[in-house]
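Structural characterization, general
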Amino acid sequence: MTEPLLEQLNYPTDAALLMRKKNTVRKMLLASQEKRIKKKIAVLGGSTTHDICVMLDLFLLYHGIEVDFYECEYNQYYEEIMFNNEALKAFKPDIVWFHTSFRNIKNVPDIHDTPEEVAKKLSGECYRFSQMWEKCFQELECTVIQNNFEYPFYRLLGNKDASDYRGLTNFITRLNTAFADFAAQHNNFYLNDLNYIAADYGLSAWHDLSAWYLYKYCCKIEAIPYLAQSVARIVKSLYGKNKKGFVLDLDNTLWGGVVGDDGVQNLEIGSETATAQAFQEFQTYLKAHLGLGILLNVNSKNEEVNALAGLNHPEGVLKPEDMIVIKANWNPKSQNMSEIAHELNLLPESLVFVDDNPAEREIVKTQIPNACVAAVSQPENYIREIDRAGYFEVTAFSKDDLARTEMYKANAQRVKAEQSFGNYDDYLRSLEMKAEIKPFSAVYMQRIAQLTNKSNQFNLTTKRYAQSEIEAVAENSEYICLYGKLIDKFGDNGVVSVLIGHQQEKNIHIDLFLMSCRVLKRGMEQAMMDELVKKAKERGIRSIYGYYYQTAKNAMVAHLYQDFGFELVKTENADTIWCLNIEKYQNLQSIIKVED
Amino acid sequence: MNQAEVYQQLNEIFKENLDLDEVNLTASTTADDIEGWDSLAHIGLIAAIEQQFGIRFVMKEIVGLHNVGEMVELILSKLNA
């Protein structure tokens, strides 16, 4: 986004400006032609929620998510979900957000309480909240976002408030730990860390008591955008809108100095000087992202030999082998950025560009539509500026995240292997591929939901599913649900394809068919179709209907069903419906060995 | 800043916050006279006024306001303090 006002929705945010310009900003966001996903969020508050929803709406529109909101009456969060939830049920929320604060703790400790009495109050609070959450899971089948509690604006016992069992600060710490434990044990439950947000804002500034007494807002009015932004990050992450990697400049971004001019020995990185320490900590911060499955790449104006020498600096934390693609040349950085995205099979806007030079940031912003460019200033601020932008908000960890860099590297090896074969089939055979294509099983539910929310290119219908919905279709016998896992001699690619079809009489309709682009042209999509047809035959099915719904990103599969031998039934604008008579179907692939 | 300038800036703030094309505030204008000026919108208006004029109201001042004229007097008294 190059529009300065819309950049307020990224980092840094001028909260007061955003509040004032909310109407203008909303109109600008709605004017975008970008296809948006639609979701329903019920905000059940223990304090006023109006402006919070207004701001949340803006942040989510910015991430391409259009939300229909439901707000409960003031402070009716408990009653609404527990006793009087017909309207809420009819609303069918995808997400319920309980916006509660320390004002909503009913059983606060009293100075006369025994430890047992306080423990009882603690479990009472936990029970009250967990009842609400369970009710959401059971009756609304939705995802829950719950605030934890911020620290209060006074401490009756002073410092001892934190350590004494009768202290409210101590009680809140224990409550927050209990909420975190619940989050660790439940998949469709996410904590909004109000405690951190308030601390980060500054607790004294956060607790603007006139905003509470006058309007019943639990925080200062100008802090509302930060609160909304935090929730928006959880939501956008759940619906696959996280960024996927970094594209990093080198000189004065990863180290102090210019390697080509100053020489490796004179670069500032390590523990010698203040500047060197700042860069070393920044490198350490970036390297930690590898564990989250975030891909690191280099885009630098340098001779490649100098770039590598800099990355091999003995005091450096990031090494050449941490990078997937290294572009060190004299081409425009926007061109390098596009090429990196292309080589990774990702969209350029899914990569975060980090460069100390404003001119380079500008060229990437202007040349690449929707480019994501970090607003960095000085090395001592880099970490905070990137961290607060929330590009990689973690909502779920899957094993694949931990192994992603390895997988992309194995891919690079495959590309090299491909070049040494004259015939593509010979190359595919040399990969010794094995696939597991089976009905959804419990261990993969999280990964499957994750894939439905983040696959954009090889995705026929771009239907998004929450994990609870995936679990529901998996149990329903009217559905055929298949996941595909691909293993080859370079490594395990993990679950890479998902197909969901529902049966209607003697027909199957394909609701969802997606595949991760990293296994494109390996025969996996054909193997998935072969397996679907096999399963369909077992059910005595006659025809399979395939649907292609066009988006800005899925042109690569516009002709997929045609290539698979389906016949066109209907065209509506750019959307198409296809039909396959399965009697005539012959298996499409034989190179991948599919496990029985 | 004089009274007329305060009115002019207030008109702009009201237009922007309430998403209206035209606002003409006078001393006797109250919330009943302006479309969309409800208790929720009032919060945003107060915050925007504080920001625009670089002033802060205390709670007693906010609850004591009865019309735009009183608000303008309050703003001017803070600016000239």
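**Description of the overall build of chain A**
For chain A, the count of helices and strands is 24 helices and 18 strands. For 596 residues, the compact-globule estimate of 2.2 N^0.38 gives 25 Å, and the C-alpha radius of gyration of chain A, at 26 Å, lies within 12% of that figure. Seen through its principal axes, chain A has C-alpha atoms that stretch 80 × 70 × 50 Å. Across the 596 residues that make up chain A, the buried fraction comes to 42%.

**Here's the deal with the overall build of chain B**
The helix and strand tally for chain B stands at 4 helices and 0 strands. Secondary structure elements of chain B, listed N to C terminal, follow the sequence α-α-α-α. Here chain B has a C-alpha radius of gyration of 12 Å; the compact-globule value for 81 residues is 12 Å, and the two agree. Projected onto the principal axes, the alpha-carbon positions of chain B cover approximately 30 × 25 × 20 Å. Per-residue burial over chain B gives 20% buried out of 81 residues.

**Some details on the confidence of the model for chain B**
Per-residue confidence for chain B gives a mean pLDDT of 94; residues scoring 70 or more make up 100%. Across the interface, the model reports ipTM at 0.87; the global pTM reads 0.76.

**Structural notes on the interface of chain B and chain A**
Accessible area lost upon the coming together of the parts serves often as the stated size of an interface. Opposite the 11 residues of chain B that make contact, chain A presents 13 residues. Residue assignment for the side of chain B that touches chain A shows that the elements contributing at least two residues are helix 1 (3–18), helix 2 (39–53) and helix 3 (59–63) of chain B. Looking at the side of chain B that touches chain A element by element, the count peaks at 6 residues for helix 2 of chain B. Looking at the side of chain B that touches chain A residue by residue, the classes come out as 6 nonpolar, 3 polar and 2 charged.

**Focus on the sheet that holds strand 3 (residues 95–99) of chain A**
All names here are of chain A. Taken in spatial order, the 5 strands make up an open sheet running 2-1-3-4-5, and their pairing is parallel. Two strands bound the open sheet, and with one partner strand each, they are strand 2 (65–71) and strand 5 (189–192). Across the sheet, the mean angle separating the axes of adjacent strands is 25° when strand polarity is ignored. Together, strand 2, strand 3, strand 4 (143–147) and strand 5 form the strand contacts of helix 12 (residues 224–238), whose direction differs from that of strand 5 by roughly 155°.

**Describing unusual backbone geometry**
All names here are of chain A. Of note, the amide linkage connecting Tyr11 to Pro12 takes the cis form, showing an omega dihedral of -5°. Turning to its location among the elements, Pro12 is positioned in the loop between helix 1 (4–7) and helix 2 (15–20). Of note, Asn252 is a non-glycine position whose phi angle comes to about 65°, a positive value. Relative to the helices and strands, Asn252 is located in the loop between strand 6 (245–248) and helix 13 (259–262).

**Concerning the pairing of strand 14 (residues 507–515) of chain A**
As a general feature of sheets, a regular strand has side chains that alternate between the two faces. All names here are of chain A. Of the pairings in the sheet, the one linking strand 13 (residues 491–504) to strand 14 comprises 8 bridges and is antiparallel in character. Paired with His502 across the strands is His509, a residue of strand 14. In this structure, the hairpin formed by strand 13 and strand 14 is closed by a connection of 2 residues, where Glu505 is found at a positive phi of approximately 50°. Of the pairings in the sheet, the one linking strand 14 to strand 15 (residues 543–548) comprises 3 bridges and is parallel in character. Looking at the pairing, Asn507 lines up with Ser543 of strand 15.

**Quick word on helix 15 (residues 304–311) of chain A**
All names here are of chain A. Listed as buried for helix 15 are Ala307, Gly310 and Leu311. Along the axis of helix 15, the buried positions cluster into a sector of 100°, meaning they face one direction only. At its buried positions, helix 15 is contacted by helix 13, strand 7 (295–301) and strand 8 (323–329).

**A word on the packing of helix 21 (residues 445–454) of chain A against helix 22 (residues 467–475) of chain A**
Residues and elements named next belong to chain A. At a closest axis distance of 9 Å, the pairing of helix 21 and helix 22 adopts a crossing angle of 115°. As summarised for this structure, helix 21 and helix 22 are arranged roughly perpendicular, according to the angle between their axes. The crossing of helix 21 and helix 22 is right-handed. In this structure, helix 21 contributes Met445, Gln446, Ile448 and Ala449 to the contact, and helix 22 contributes Gln467, Ile470 and Glu471. Partitioned by chemical class, the residues of the contact of helix 21 with helix 22 number 4 nonpolar, 2 polar and 1 charged.

**Notes on helix 2 of chain B**
Given a rise of 1.5 Å per residue, 15 residues ought to cover 21 Å, and the 21 Å separating the end C-alpha atoms of helix 2 of chain B matches this to within 8%. Of all the residues in helix 2 of chain B, the buried ones are Ile43, Gly44, Leu45, Ile46, Ala47, Ala48 and Ile49 of chain B. Lining the buried residues of helix 2 of chain B we find helix 2, helix 4 (50–62) and helix 11 (209–215) of chain A together with helix 1, helix 3 and helix 4 (68–79) of chain B. In the segment just after helix 2 of chain B, Gly54 of chain B is the residue with positive phi, at about 65°.

**Quick notes on the sheet that holds strand 13 of chain A**
All names here are of chain A. Judged by pairing direction, the sheet is mixed, and its 8 strands sit side by side in the order 16-17-15-14-13-12-11-18 without closing on themselves. Both edges of this open sheet fall to strand 16 (567–572) and strand 18 (593–594), since each of them pairs with a single strand only. Relative to strand 12 (residues 479–488), strand 11 (residues 434–439) is paired through 6 bridges, and the arrangement is antiparallel. Across the sheet, Lys434 pairs through a bridge with Ile487, a residue of strand 12.

**Some details on the packing of helix 16 (residues 333–344) of chain A against helix 17 (residues 358–367) of chain A**
Residue and element names in this part refer to chain A. At a minimum axis separation of 8 Å, helix 16 and helix 17 run at an interaxial angle of 60°. On the basis of the axis angle, helix 16 is oblique to helix 17. Of the two possible hands of crossing, helix 16 and helix 17 adopt the one that is right-handed. Contact residues: Lys333, Ser334 and Met337 in helix 16; Glu360, Ile363, Val364 and Gln367 in helix 17.

**Some thoughts on the environment of Val373 of chain A**
Residues and elements named next belong to chain A. With respect to the helices, strands and loops of the structure, Val373 is situated in strand 10 (residues 372–373). Residues Val373 and Phe421 lie 48 residues apart in sequence; the distance between their C-alpha atoms is 39 Å. Apart from the residues within four sequence positions on either side, Val373 is in contact with Phe353, Arg361, Val364 and Lys365.

**A short note on the environment of Leu486 of chain A**
All names here are of chain A. With respect to the helices and strands, the residue Leu486 is situated in strand 12. Judged by the 26 C-beta atoms lying within 10 Å of it, Leu486 is buried. Put simply, Leu486 and Ala435 are 51 residues apart on the chain and 4.5 Å apart in space, counted from C-alpha to C-alpha. Apart from residues no more than four positions distant in its own chain, Leu486 is found in contact with Met433, Ala435, Asn493, Val496, Val519, Arg522 and Met524.

Cut-offs applied
- Residues numbered from 1 in each chain as written.
- Chains lettered and ligands numbered in written order.
- Predicted model: local features only at pLDDT ≥ 70, side-chain atom pairs only at ≥ 80, totals over all residues.
- Helix = DSSP H or I, 4+ residues; strand = E, 2+ residues; numbered from the N terminus.
- Rg over C-alpha atoms; globule rule 2.2 N^0.38 Å.
- Buried ≥ 20, exposed ≤ 12 C-beta atoms within 10 Å, placed from the backbone.
- pLDDT = per-residue confidence, 0-100.
- Contact = placed C-beta atoms within 7 Å.
- Nonpolar A, V, L, I, M, F, W, Y, C, P; charged D, E, K, R; others polar.
- Pairing = 2+ DSSP bridges.
- Axes fitted to C-alpha atoms, helices over the stretch in contact; angles between N-to-C directions.
- Arc of directions from axis to C-beta.
- Parallel < 35°, antiparallel > 145°, perpendicular 65-115°, else oblique.
- Left-handed = near helix turned anticlockwise from the far one by under 90°.
- Expected span 1.5 Å × (residues − 1).

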